[in-house]
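A closer look at the structure
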Amino acid sequence: MGAVAQVRHRDRAAGAILDAIRETLGLSETELADLFGVRAPSIAGWRDHGIPPARRASVERLADLARVLRREVKPSRIPQVVRTPDAWLEGRTMLEVVREAGPEPIYAYLHRLFSYDGV
């Protein structure tokens, strides 16, 4: 694959990943940017030029979390679920936790939420 084709392939892949996160969580482009601690023009740049290597892991972790939510929660309810404060999250929403600490604490929250063994 030539260099230009590789860049175009990467750009489409970046856009698809970012779109999947944004659509699953019901986010605006600005809200998506906030989750990564950047401004909306940066997200537009990622769509045009690919996700920077330093950001790739965080984007992929959030994409994984979006996939888990699509599997475990009725898709039409996900935007409401991620915006609802919960006592287990110290009164914060999932989006606030992701913005502050990344998606890892949400995995523990979901495990607790969907655990039927009382743990």
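Predicted, not measured: the structure shown is a model, and the values here were computed from it. (Residues numbered from 1 in each chain as written. Predicted model: local features only at pLDDT ≥ 70, side-chain atom pairs only at ≥ 80, totals over all residues. Heavy atoms only, no water.)

The next point concerns the packing of aromatic side chains. According to the stated counting rule, one finds two aromatic pairs in the structure shown. Taken together, a centroid distance of 6.3 Å and an interplanar angle of 80° make the contact between Trp 88 and Tyr 109 edge-to-face. Remark: Tyr 109 occurs in helix 7 (residues 104-114) and Trp 88 occurs in the loop between helix 5 (78-83) and helix 6 (94-101); sequence separation between them is 21 residues. (Phe/Tyr/Trp six-rings, centres within 6.5 Å; stacked < 30°, edge-to-face > 60°. Helix = DSSP H or I, 4+ residues; strand = E, 2+ residues; numbered from the N terminus.)

Mapped onto the fold, Pro 52 is located in the loop between helix 3 (40-49) and helix 4 (53-72). A relative accessible area of 27% means that Pro 52 is categorised as partly exposed. (Buried < 20%, exposed > 50% of the residue type's maximum accessible area, 1.4 Å probe, protein only.)

Turning our eyes to something else, we now look at the confidence of the model for the chain. The predicted coordinates ought not to be read in detail in places where the model reports low pLDDT. In the predicted model, the chain carries a mean pLDDT of 89, and 87% of its residues have values of at least 70. Across residues 3-9, where pLDDT falls below 50, the model places two contacts with residues more than four positions away in sequence or in other chains. (pLDDT = per-residue confidence, 0-100. Contact = heavy atoms within 4.5 Å.)

This brings us to the nonpolar core. In terms of nonpolar packing, the biggest core is built from 30 residues, with Leu 25, Phe 36 and Leu 69 touching the most fellow members. Sorting the residues of this core by element identifies helix 1 (3-25), helix 2 (29-35), helix 3, helix 4, helix 5, helix 6 and helix 7 as the ones contributing at least two each. Residue contributions to this core peak at six residues, all from helix 4. Not counting residues within four places of it along the chain, the set of residues in contact with Leu 25 comprises Leu 35, Leu 62, Leu 69, Ile 78, Pro 79, Val 82, Arg 83 and Leu 95. (Core = buried A, V, L, I, M, F, W, Y, C linked by side-chain atoms within 4.5 Å.)

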